[in-house]
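Given next are the chains, with one letter for each unit.
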Amino acid sequence: MLTAFYITSAVAIVATVMVVVGRHAVHALLYLVVSLFAVAVLFYLLGAPFAAALEVIIYAGAIMVLFVFVIMMLKLGPETVAQERAWLAPRTWLGPAVLSAVLLAQWVWLLGQESSATIAASEIGRTIPAREVGVSLFSQYLLLVEIAGLMLLAALVGAFHIGRRREGRGS
Amino acid sequence: MMAAVPIAHVLTVAAVLFVLGVTGVLIRRNVVFMLMSLEVVLNSAGLAFIAAGQHWGQPDGQVFFILILTLAAAEVSVGLALILQMFRRFGTLDMDAVREMRG
């Protein structure tokens, strides 16, 4: 179990690195799908099978398909790979990458050091089935469900309005 | 299923993914890659929520993961619509090209 967790974590991290440094948009997208699948396996290993299923269906399924459609509509040719290579010069990424690495090192150090007695010693508990999640979602968090519905409606209207082709207006 | 995974290790994985996503947002100039990095950031937040929920043995972590999923779906749809509109108007995906705030 523990070995599976570390292997899956390594897969997720490597795939995410390939997304961040990728040159080709479609290849980066495929690596992102691998990363999402790995995180879904992590959820399953942690004992959250419902979240794992949602991750595969909605994230890796629906959202990634949306990305694929938009990348297909953008008509990116082979020259965009060379353009990406020019944009991603070491002079550009070195500063932010080093600063982020410093922050990450501090974060990991804090997680391992500061609260070793309370957090690091404790372990992940039992598997939580979908039934408990549903009961909690529709009783205790009902207002949040309503707010999420409103947000999805606003996103629908906003995406339709922004993505519309305006004829004769604009630049 | 009993997973004897220390929670600090799960949180460390979430931290690594989060920082990778933030670095991606910072270093890329292509808007599509920036949006993908934002997805990574949201996903790592979801992983942290799930880890905390499993740690306490409560379903709340998964509930908040579902809400993060909803947020990600809304964000991606609006973001991709913005990318399409930007590509139509400027003919490029360069973030630096969009610095004139005209209507």
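Criteria and cut-off values
- All residue numbers refer to positions counted from 1 along the written sequence of the respective chain.
- As a convention, the first chain written is A and the first ligand written is 1, with the rest following in written order.
- This being a predicted model, a pLDDT of at least 70 is required before a residue's local features are given, and a value of 80 or more before pairs of side-chain atoms are given or counted; all residues contribute to the totals for chains, interfaces and linings.
- No hydrogens and no water enter the side-chain calculation; it runs on all heavy atoms of the structure.
- The helix and strand labels rest on DSSP assignments: H or I over at least four residues marks a helix, E over at least two residues marks a strand, and numbering proceeds from the N terminus.
- Values of the radius of gyration come from C-alpha atoms, whereas the globule rule sets the reference at 2.2 Å times the count of residues to the power 0.38.
- Burial status follows relative accessibility: with a 1.4 Å probe on protein chains alone, a residue under 20% of its type maximum counts as buried, one over 50% as exposed, and anything between as partly exposed.
- Contacts are assigned to residue pairs that have any heavy atoms within 4.5 Å of one another.
- Working definition of accessibility: Shrake-Rupley area with a 1.4 Å probe, residue cover restricted to the visible protein chains.
- We treat Lys and Arg as the positive residues and Asp and Glu as the negative residues; His and chain ends play no part in the count.
- Taken as the charge centre is NZ of Lys, CZ of Arg, CG of Asp or CD of Glu, depending on the residue.
- Here's the idea: put two parts together, see how much 1.4 Å probe accessible area each one loses, and the total over both is what we call buried area.
- Any Lys or Arg side-chain nitrogen found within 4 Å of a carboxyl oxygen on Asp or Glu counts as a salt bridge.
- Any pair of N or O atoms that falls within 3.5 Å is considered a polar contact. Within protein, one atom must be able to donate a hydrogen and the other to accept it, and sequence-neighbouring residues count only if both atoms are side-chain atoms.
- Confidence of the prediction at every residue is given by pLDDT, a number between 0 and 100.

Draft legend 1. Up close: the overall build of chain B. From N to C terminus, chain B includes three helices and zero strands. Sequence-ordered secondary structure for chain B, helices as α and strands as β, is α-α-α. For a compact globule of 103 residues, the expected C-alpha radius of gyration is about 13 Å, and chain B comes in at 17 Å, more than 25% above that figure. Per-residue burial over chain B gives 63% buried out of 103 residues. Across chain B, every contact between residues at least 6 apart in sequence was considered, and the portion connecting residues at least 24 apart equals 55%. Entry remark: accessible area of chain B is about 3,900 Å², with carbon and sulfur atoms responsible for 70%. Placing the 6 positive and 6 negative side-chain charges of chain B at their respective mean positions leaves the two points 13 Å apart.

Draft legend 2. Representation of the interface of chain A and chain B. Opposite the 81 residues of chain A that make contact, chain B presents 72 residues. If you sort the residues of chain A by the area they bury against chain B, Tyr59, Trp87 and Ile124 of chain A come out on top, with a joint share of 9%. Linking chain A to chain B there are one salt bridge. Salt-bridge contacts for Glu84 of chain A lead to Arg28 of chain B; the nearest nitrogen and oxygen are separated by 2.5 Å. For the pair chain A and chain B, the interface holds 16 residue pairs in polar contact (both at pLDDT 80 or more). Counting residues per element, the ones that place at least two in the side of chain A that touches chain B are α1 (2–21), α2 (25–46), α3 (49–73), α4 (79–87), α5 (90–113), α6 (116–120), α7 (130–139) and α8 (142–163) of chain A. Element by element, the count of residues in the side of chain A that touches chain B is highest for α3 of chain A, at 12 residues.

Draft legend 3. A look at the confidence of the model for chain A. Residues of chain A with pLDDT of at least 70 account for 92%, and the chain-wide mean is 87. The spread of mean pLDDT over the elements of chain A runs between α6 of chain A, the lowest at 51, and α8 of chain A, the highest at 94.

Draft legend 4. Main features of the pattern of salt bridges. Residue and element names in this part refer to chain B. Evaluation of the coordinates by the stated rule reveals three salt bridges over all chains. For Asp94, the salt bridge goes to Arg29, with nearest N and O atoms at 2.7 Å. On the criterion of sequence distance, the pair formed by Asp94 in the segment after α3 (60–90) and Arg29 in the loop between α1 (7–27) and α2 (31–56) is long-range, its members being 65 residues apart. By relative accessible area, which is 9% here, Asp94 ends up buried. The class for Arg29 is partly exposed, based on a relative accessible area of 27%.

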